[in-house]
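Spelled out from the first residue to the last, the chains are:
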Amino acid sequence: MLWAFAVVLCCLGSPAQAAGIQLLESDPALSGAIWYPCAAEPTHVALGSLSVGADFDLKGVRDCPVTGEKLPLIIFSHGRGGFFGQHHDTAEALADAGFVVAAINHPGDSANDSSRRDTLSVWGSRPADIVRLLDYLLRDWKDRAVIDPAKVGFFGFSLGGATGLVLMGTRPDFARVASLCKETTGACAQLHNGETPPAPIQDARIRTAVIVDPAPGVLTRENLAVVKMPFQFWRSQFGGPGVGDGSGTARVAEGLPGKPDIHVVPAGHFAFLAPCSAELAAAIPRICTDVPAGFDRAGFHREFNAAVVKFFHEQLAGGVR
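Conventions we followed
- Residues numbered from 1 in each chain as written.
- Predicted model: local features only at pLDDT ≥ 70, side-chain atom pairs only at ≥ 80, totals over all residues.
- Heavy atoms only, no water.
- Salt bridge = Lys/Arg side-chain N within 4 Å of Asp/Glu carboxyl O.
- Buried < 20%, exposed > 50% of the residue type's maximum accessible area, 1.4 Å probe, protein only.
- Disulfide = S-S within 2.5 Å.
- Helix = DSSP H or I, 4+ residues; strand = E, 2+ residues; numbered from the N terminus.

Considering the pattern of salt bridges
- Enumeration according to the criterion identifies twelve salt bridges in this entry.
- A salt bridge links lysine 59 to aspartate 57; the shortest N-O distance between them is 2.6 Å.
- Lysine 59 sits in the partly exposed class, given a relative accessible area of 35%.
- Between lysine 151 and aspartate 148 there is a salt bridge, with the nearest N and O atoms lying 3.6 Å from each other. Per residue, the accessibility class of lysine 151 equals that of aspartate 148, and both read buried.
- Salt bridges sharing common partners tie together Asp135, Arg139, Asp203 and Arg205.

Structural data, given as structure tokens:
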């Protein structure tokens with residue numbers, strides 16, 4: 001796997017660099033981090049007010065000058081109740097390879113804020129969060145001049161994957177969800193009470209995507225048929241919270257339009273999160289316990305990160321320096 005990663009970096013035409021990182025913490029609606037190429041040695045990054053009570057061991061060089069120009073941009077969307085740093089190793093690998101990467105906590109649906117979780121409103125607020133982040137990066141970020149606005153990609157996990165598909169043109173099938181809903185609270189209750197889901201928000205600035213184990217309930221062959229851009233699709237064989245036993249994402253994969261780059265991983269849903277330190281595993285065992293037992297998450301992530309870097313490089317060719 002290490003060999004495969006080395007090959008990818010070689011193909012990018014430049015050696016790996018350290019990831020610079022800027023924390024976004026002045027606005028609750030833009031709370032997260034930006035990773036980017038930087039010519040310095042990375043160290044542990046203290047998150048301060050952005051911490052979620054357990055150390056995810058983000059590494060980088062705080063506020064290092066950005067290295068490069070006309071860099072492609074990748075926007076990350078975390079899963080339900082997640083955290084902007086839960087895929088930090090993938091963000092760091094992309095930054096090492098010459099991409100600008102940005103991730104924020106989704107207000108109302110993050111580890112520290114559950115006010116919108118389990119409501120229909122997240123289907124409007126989450127895509128709007130990504131649009132707001134893109135607007136900030138391309139219009140207001142102090143280093144916006146390094147970004148090539150024609151080379152924007154998206155990475156989404158779980159509900160973040162479904163968020164990306166909405167931004168790419170999918171109209172969620174809430175009637176399907178209502179027919180399957182057994183709960184009497186939250187979004188199910190809203191649907192059974194006849195509440196109108198939010199209108200889908202799309203963003204044509206996104207040119208390609210990596211969709212990882214998306215929440216499958218609202219996705220069908222019919223509403224996915226409108227997605228015309230190239231994307232890479234990953235799913236876990238055994239599933240987990242939010243995606244069921246894996247059969248739902250298998251159904252989605254079978255209905256994808258065109259010939260997407262599909263990968264099936266013989267593990268559970270949380271295998272896509274960054275490998276856990278012993279301290280993190282003790283603090284949050286739920287997201288650090290893999291199925292089957294003994295699955296090598298660190299080894300898988302070397303392969304996973306290399307494949308994601310390679311895909312985005314191929315789709316956003318010419319922007320990595």
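Still more to cover.
A short note on the state of the cysteines
- On inspection of all chains with the given rule, the structure shows three disulfides.
- A sulfur-sulfur separation of 2.1 Å characterises the disulfide bridge that pairs cysteine 276 with cysteine 288. Disulfide cysteine 276-cysteine 288: the torsion about the S-S bond is -85°, which places it as left-handed. Of the two residues, cysteine 276 sits in the loop between β10 (261-265) and α9 (278-283) while cysteine 288 sits in helix α10 (residues 285-288), which places them twelve residues apart along the sequence.
- Under the relative-accessibility criterion, cysteine 276 is labelled partly exposed at 27%.
- Here the disulfide map of the chain reads 1-2, 3-4, 5-6, the bonded cysteines being numbered as they appear in the sequence.

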